[in-house]
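# Working through the structure, step by step
Chain residues, written in single-letter form:
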Amino acid sequence: MITRLAKTNLTVSQRRDPISYQAGDIIEFHRRAAGGFKSGEQWEVQSCSDGGVQVLKDGQTKLLPLTHASTFDVYTREQMPLAAGDVVRFTKNFVAKGGKCRNNDLATVQTVTSDHVTTTDGRVMPTLSLLHVDQGIAVTSHASQGKTVDNVIVSAPVAAFAQVSQAQLYVSMSRARRSMHLVTDCKEALREAVCRPSERISALELSAANAFQRDIIGLDQQLQAARLKKEIQKTVMKHYKVLQRDFGHEQHHPPPPPQPEHDRTQGPGMSRGF
């Protein structure tokens, strides 16, 4: 069992807010920051309040420079079982004894002792350190970029459709040399999800897109109204021509004058009297 660091993926704005921290979180600096913090240092969060975040390292307590939130990342500790033969993925660039470890690189564990973890390619990492590693059996689409393997199985459940897009599916499925398999619990919903565009748009672009969509809807309504008007005019003209034709026929061929009614009582042998 080793202790790994799991990134919280807080935004810079969230890292500036003391409410985003919990006691036990690990702060790792990747640049020098005000207060004497150096690149590569790891500090543990001791307490959080409206006044700021107190961090501890080697018995020394400091106030975390929240105004310089872009100089550090926030992690949590996670326990991870590890044994010989396991595949691990490095989650950050760092230097280990025996070689460099690059972000998203995969390695196979050769031995695990109480002091060190050794990979088959000779890299050695201290077991008691907080390691930037994760299991490497299943990886995210983002982490798989640039990798090529023999067989790929992509899991895309409905619960993960918020991360599914055209680019994501292409990256995931194109990693395979021999075979690829896609597993989902709803094919129809997945078909709709992968049709979503992958590019991110700003609020202004979204507003412009909505305005354009409203214009399109308005033009469509106008077109439908114009078509309806044309159909009405066509129908009116058709009936008008029929009426004109009938009226002209009556003028050229007037109906015969009405014949006087024959009074049967005036016929031969007939009398008005009784």
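What counts, and at which threshold
- Residues numbered from 1 in each chain as written.
- Predicted model: local features only at pLDDT ≥ 70, side-chain atom pairs only at ≥ 80, totals over all residues.
- Heavy atoms only, no water.
- Pairing = 2+ DSSP bridges.
- Helix = DSSP H or I, 4+ residues; strand = E, 2+ residues; numbered from the N terminus.
- Axes fitted to C-alpha atoms, helices over the stretch in contact; angles between N-to-C directions.
- Salt bridge = Lys/Arg side-chain N within 4 Å of Asp/Glu carboxyl O.
- Buried < 20%, exposed > 50% of the residue type's maximum accessible area, 1.4 Å probe, protein only.
- Phe/Tyr/Trp six-rings, centres within 6.5 Å; stacked < 30°, edge-to-face > 60°.
- Lys NZ or Arg CZ within 6 Å of the ring centre and 35° of its normal.
- Core = buried A, V, L, I, M, F, W, Y, C linked by side-chain atoms within 4.5 Å.
- Contact = heavy atoms within 4.5 Å.
- pLDDT = per-residue confidence, 0-100.

Another aspect to go through is the sheet that holds strand S1 (residues 2–7). Strand order in this open sheet of six strands is S1-S6-S2-S3-S4-S5, and the pairing throughout is antiparallel. Of all the strands in the sheet, just S1 and strand S5 (60–63) have a single pairing partner and so form its edges. Looking at each pair of strands side by side, their axes are set apart by 40° on average, direction ignored.

Further remarks concern the sheet that holds strand S11 (residues 116–119). What the five strands build is an open sheet, ordered S12-S11-S10-S7-S13; its pairing is antiparallel. In this open sheet, the two strands that pair with only one neighbour each are strand S12 (124–126) and strand S13 (133–135). The sheet shows a mean angle of 40° between the axes of neighbouring strands, direction not considered. Relative to S11, strand S10 (residues 106–112) runs antiparallel, the two sharing three bridges. By the bridge assignment for S11, Thr111 is matched with Thr118.

Moving on to the pattern of salt bridges. In the structure shown here, the tally under the stated rule is nine salt bridges. A salt bridge links Arg4 to Glu78, with the shortest nitrogen-to-oxygen separation between them at 2.6 Å. Within this pair, whereas Arg4 is found in strand S1, its partner Glu78 is found in strand S6 (residues 72–80), the two being separated by 74 residues in sequence. Judged by its relative accessible area of 36%, Glu78 is partly exposed.

Let us now look at the packing of aromatic side chains. Across all of its chains, the model carries four aromatic pairs by this definition. Seen from their ring centres, Phe29 and Phe37 are 4.6 Å apart, and the 20° between their planes marks the pair as stacked. The pair formed by Phe29 and Phe37 is uniform in burial state, with each residue classed as buried. Aromatic side chains Phe90 and Phe94 sit 5.8 Å apart centroid to centroid with 85° between the ring planes, which places their arrangement in the edge-to-face category. Through successive ring pairs, a cluster of aromatic residues spans Phe29, Phe37, Trp43 and Phe72. The aromatic ring of Phe37 is capped on one face by Lys62, whose charged end is 4.9 Å from the ring centroid.

Let us now look at the nonpolar core. Judged by nonpolar contacts, the single largest core of 15 residues is most densely connected at Tyr21, Ile27, Phe29, Val53, Val55, Leu64 and Phe72. When residues of this core are traced back to their parent elements, those giving at least two are strand S2 (26–29), strand S3 (42–49), strand S4 (52–57) and S6. When residues no more than four places from it in sequence are discounted, the contact partners of Val53 are Pro18, Tyr21, Val45, Ser47, Cys48, Lys62, Leu63, Leu64 and Leu66. By size, the runner-up hydrophobic cluster in this structure holds 13 residues, among which are Ile2, Leu82, Val117 and Met125.

Moving on: the confidence of the model for the chain. Within the chain, residue pLDDT values average 82, and 83% of them lie at 70 or more. The least confident element of the chain, judged by mean pLDDT, is helix H4 (residues 203–252) at 72; the most confident is S2 at 94.

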